[in-house]
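Listed below are the residues making up each chain.
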Amino acid sequence: MAEKVRIVIDDKEYEVEKGKTILQVALENGIDIPYFCYHPRLSIAGACRMCVVYWENINRLVISCNTPVQDGMIIRTHRTSKLVEENQKYLLQALMTRHPLDCPICDKAGECDLQNYGAIYGPQRQVVPISALDKEREEHDWESDFLEYYSNRCVVCYRCTRACEEIVGANALYVESRGFDSNIVPTVRPMDTSSCEMCGICVYICPVGAILSKPFKFWSRSWLLKREPTRCNLCPVGCEIQIEYGVGDWRSKRKVYRTKPTDELNVCAKAFFGYDALNVDRLLKPYAHRREESAGNTVHLINSILSVKERQSAFILSAYLPNEIIDSLIKVARSVGAYVTVPQTADFFKVAQAFGDYKPPSLDSIKGADFYVLVGEDVTSIAPVLSYYIKGKVYRVGEGVRDRKFNPEPITLDEVERLEGKGVIIANTTGVYGQEAEELGAKLKKLSQKGFEVLLLHKDGNVYGLYERLKDIYSDIGAVMEEALSGNIQSIVVIGEDINEYYDRETLEDLAERLEHLIVSSPYDFGLALRATIKVPMSLMGESEGTFSTLFGEVKGRKFLPWAFDDIAFWRTLAESLPQEGEVKILRRYAEPPLKPEVHLYRSNWITLRSENLTKLYEKNTQAAKHA
């Protein structure tokens, strides 16, 4: 149990944990102390001095962010000390002196700490005689289509540089010059093709409007948008994010305007800039034979198709489904005696089966290891936030691109067992097929038996939920495709578009021609949905209350976007409309898919493919790589 000390803040006594700072204690107890540079996930910089308090015992002012509490300490904040209030007002004057008063055109207006503190604490007028020309600070072009830096707005709090170094590990920003001439500049220009991972944390964490997101710039105001938290399901990590959206009233159009992290700072480019994928050509209502249908009629039609005993059916599920829909579709498959498969049976399932009785470790259990061994394709590219928690010595089996930020030491898998200490092996199974998958799973099992923690990783969101539910009843995707192409399977229900990353367009078009019925559930009214007999909407982030199995454990999404279709209720209704008996048919005959899924920071699934922002970043980076 942590040692406690007693301190007094503004004439009220508190018993607090020894080792914490005055600022931490104050914030935990609802005492408002202003600050710019402090953030709970960053190291202490003590740069802004705004968090100053009066330490009565020693009769002096101290900064609260860097002063640990002591037993018997008596502290006064601006609420009970005129001296503190005057010093904070002076600091604000210093910041305001050269800060442009462009709140009406600044995207940070309404959520800017400097604007808020100026209104609460003052000053209300400029007290230092200085001309408009003297206010100018040298501007630095980051040469980015996505991030914009306004040097005159910067309060040099070092939040962005610390976050980039300490959280992301990209080291894409640094502080140039000193004093008033200080500027935040990229280590490499152009910014978009540098070590920057475009996670957007620097935009979120900036307390003023110095760093902005260009895709959001001038689109709306923070107070005109609704904001709700939910979980991202674009990779297996399962980060909590905030979605800001308009409801279609006089304030804003009905769409998603931006996504942001919470103060845990768990976000990557896929969520931060990929939000526009929620606005593209959405399928929002069921259709049958190109005509809009009610949910009830569509359930009845699908029931009648799947219930014909002479017609063999198969379900191709998606790793972007919540567990509730997976469970409902398994019930449907049991009722009608259908096959159930997922494209990930070609890689992740094969490795996990060879490993035997696999359950992924939680993010908490792999933090703080002595060393990490990265295996396979780029871990940083498929699960960027996972890379934020890799803080020990790093070894690598094979080449990586973004993983270079760890400065990994090359190693072979056979050499890993010689390493000493607490070790975590993170193996990317994406695109690892056939015998290679089986050998990898068997080797990793032996290493786990020697005490190493093993994380089998895949690029797709709810792959752990899929595997847990299907590991005993799945059919191989290759075998199902062969049976369907040969005419032995007449009806297929395809959820999402995971299959596009494993099978080429010509094969899928041939499949659609041969099937009697192709039922597609998709968020988008194009792609596979164009060939469907029946098409049903599929929910994305902010549209479903379903649960996902992630590295943060079982996490639950939230449904708040006004156009959301209740696909959980739809598939549950279908399951309940069928007899609760029968068994899933199983077909185990491995056939390697013709395509390997692409692993890229800005394009890792069929949802991010729909994002115009991420597509631009992908194209810029692939072109830069060709000319490197």
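Let me begin by describing the structure that accompanies this report. (Residues numbered from 1 in each chain as written. Predicted model: local features only at pLDDT ≥ 70, side-chain atom pairs only at ≥ 80, totals over all residues. Heavy atoms only, no water.)

On to the overall build of the chain. Counting secondary structure elements, the chain contains 18 helices and 26 strands. For 628 residues, the compact-globule estimate of 2.2 N^0.38 gives 25 Å, and the C-alpha radius of gyration of the chain, at 27 Å, lies within 12% of that figure. Principal-axis analysis of the C-alpha atoms gives the chain an extent of 90 × 65 × 55 Å. Taking all contacts inside the chain whose residues are at least 6 apart in sequence as the whole, residues at least 24 apart take part in 71%. Within the chain, the 88 negative side-chain charges are centred at a point lying 3 Å from the centre of the 78 positive side-chain charges. (Helix = DSSP H or I, 4+ residues; strand = E, 2+ residues; numbered from the N terminus. Rg over C-alpha atoms; globule rule 2.2 N^0.38 Å. Contact = heavy atoms within 4.5 Å. Lys, Arg positive; Asp, Glu negative; His and termini not counted. Charge placed at Lys NZ, Arg CZ, Asp CG, Glu CD.)

Over its 16 residues, helix α18 (residues 612-627) runs 23 Å from end to end, which matches the ideal 22 Å to within 8%, given 1.5 Å per residue. Looking at the buried positions of α18, the neighbouring elements they touch are α6 (269-272). The N-cap of α18, judged by a side-chain oxygen 3.4 Å from the amide nitrogen of N613 a few residues on, is S611. (Expected span 1.5 Å × (residues − 1). Polar contact = N/O pair within 3.5 Å; in protein donor to acceptor, adjacent residues only side chain to side chain.)

Time to look at the packing of aromatic side chains. Inspection of the entire model under this criterion finds 20 aromatic pairs. With centroids separated by 5.8 Å and ring planes inclined at 90°, the aromatic side chains of Y320 and W606 adopt a geometry described as edge-to-face. Residue Y320 is found in the loop between β15 (313-316) and α8 (323-336), and its partner W606 is found in the loop between α17 (567-576) and α18; the two are separated by 286 residues along the sequence. The same class applies to Y320 and to W606, which are both buried. Ring centres 5.0 Å apart and planes at 85° place the aromatic pair F570 and W571 in the edge-to-face group. The rings of F348, F349, Y464, Y467 and Y474 are connected pair by pair, giving a single aromatic cluster. Taking the ring centre of Y257 as reference, the NZ or CZ of K255 above it sits at 5.0 Å. (Phe/Tyr/Trp six-rings, centres within 6.5 Å; stacked < 30°, edge-to-face > 60°. Buried < 20%, exposed > 50% of the residue type's maximum accessible area, 1.4 Å probe, protein only. Lys NZ or Arg CZ within 6 Å of the ring centre and 35° of its normal.)

Across the interface, helix α15 (residues 477-485) lies against helix α16 (residues 505-514) with an axial gap of 9 Å and an inter-helix angle of 50°. As the angle between them shows, α15 and α16 are arranged oblique. Contact residues: α15 offers M481, A484 and L485, while α16 offers T507, L508, D510, L511 and R514. Across the contact of α15 with α16, the residue classes break down as 5 nonpolar, 1 polar and 2 charged. (Axes fitted to C-alpha atoms, helices over the stretch in contact; angles between N-to-C directions. Parallel < 35°, antiparallel > 145°, perpendicular 65-115°, else oblique. Nonpolar A, V, L, I, M, F, W, Y, C, P; charged D, E, K, R; others polar.)

With that settled, consider the sheet that holds strand β21 (residues 453-457). The parallel open sheet is built from 5 strands, whose spatial order is β19-β18-β17-β20-β21. For this open sheet the edge positions go to β19 (409-410) and β21, each flanked by a neighbour on one side alone. As paired strands, strand β20 (residues 423-428) and β21 are joined by 5 bridges and run parallel to one another. Its bridge partner lying in β21, V424 is registered against E453. (Pairing = 2+ DSSP bridges.)

This part is about the nonpolar core. In terms of nonpolar packing, the biggest core is built from 159 residues, with L317 and L386 touching the most fellow members. Looking at this core element by element, the count peaks at 6 residues for α8. Apart from residues no more than four positions distant in its own chain, L317 is found in contact with I326, L329, V340, T341, V342, P343, L466, L470 and I495. Core analysis: the next-biggest nonpolar cluster, separate from the first, contains 26 residues, A314, Y339, V494 and I499 among them. (Core = buried A, V, L, I, M, F, W, Y, C linked by side-chain atoms within 4.5 Å.)

Here the focus is the side chain of T345. If you trace the backbone, T345 turns up in the loop between β16 (339-341) and α9 (348-355). A relative accessible area of 1% means that T345 is categorised as buried. A polar contact of 3.1 Å, which involves the side chain of T345, links it to the backbone nitrogen of I477. Not counting chain neighbours up to four residues away, the residues in contact with T345 comprise K350, Y474, S475, D476, I477 and Y590.

Before going further, it helps to spend a moment on the pairing of strand β8 (residues 183-186). As a general feature of sheets, a regular strand has side chains that alternate between the two faces. The alternating pattern of β8 places N183 and V185 and I184 and P186 on opposite faces, both of which are buried. As defined by bridge partners, strand β7 (residues 173-176) adjoins β8 across 4 bridges and the pair is classed as antiparallel. When the bridges of β8 are listed, L173 appears paired with P186. Hairpin connection between β7 and β8: a loop of 6 residues separates the two successive antiparallel strands, and S177 in this loop has a positive phi of roughly 70°.

The subject of this paragraph is a negative patch on the surface. A cluster of like negative charges, contributed by E436, E438, E439 and E592, occupies part of the molecular surface. Tracing the backbone through its elements, the reader meets E438 in helix α13 (residues 434-449). (Patch = residues over 30% accessible without salt bridge, like charges linked within 9 Å, V, L, I, M, F, W, Y side chains within 5 Å. Areas by Shrake-Rupley, 256 points an atom, 1.4 Å probe, with all protein chains shown as cover. Salt bridge = Lys/Arg side-chain N within 4 Å of Asp/Glu carboxyl O.)

What follows concerns the sheet that holds β15. Strands sit in the order β14-β13-β24-β23-β22-β15-β16 across an open sheet of 7 strands; the sheet is mixed. The sheet is open, and its two edges are formed by β14 (291-292) and β16, each paired on a single side. Pairing between strand β23 (residues 517-522) and strand β24 (residues 534-537): 4 bridges, direction parallel. By the bridge assignment, V520 is partnered in β24 with K535. Strands in contact with α8 are β15, β16 and β22 (491-495); relative to β15, the strand with the most contacts, it is inclined by about 165°. Sheet strands touched by α15: β15, β16 and β22. Its angle to β16, the strand with the most contacts, is close to 130°.

Throughout the structure, instances matching the rule amount to 42 salt bridges. Here K459 makes a salt bridge to D460, at a shortest N to O gap of 2.7 Å. For K459, a relative accessible area of 0% translates into the label buried. Exposure remark for D460: the relative accessible area of 1% places this residue in the buried category.

What follows deals with the pairing of strand β26 (residues 553-556). As judged from the 4 bridges shared by strand β25 (residues 547-550) and β26, these two strands associate in the antiparallel manner. Bridge pairing in β26 places T547 opposite K556. Remark: 2 residues form the turn of the hairpin made by β25 and β26, two consecutive strands paired antiparallel.

Glancing now at helix α7 (residues 295-306). Its 12 residues place the ends of α7 17 Å apart at the C-alpha level, agreeing with the 16 Å of an ideal helix rising 1.5 Å per residue. Among all positions in α7, only T298, V299, I302, N303, I305 and L306 are buried. Each buried residue of α7 lies within a common arc of 165° when the element is viewed along its axis, so the set occupies one face. Where the residues of α7 are buried, they touch β15, α8, β22, β23, β24 and α17. (Arc of directions from axis to C-beta.)

Turning our eyes to something else, we now look at the side chain of T429. In this structure, T429 sits in the loop between β20 and α13. Judged by relative accessible area, T429 falls into the buried class, the value being 0%. Apart from residues lying up to four places away in sequence, T429 is in contact with D347, F348, V351, L456, L457 and H458.

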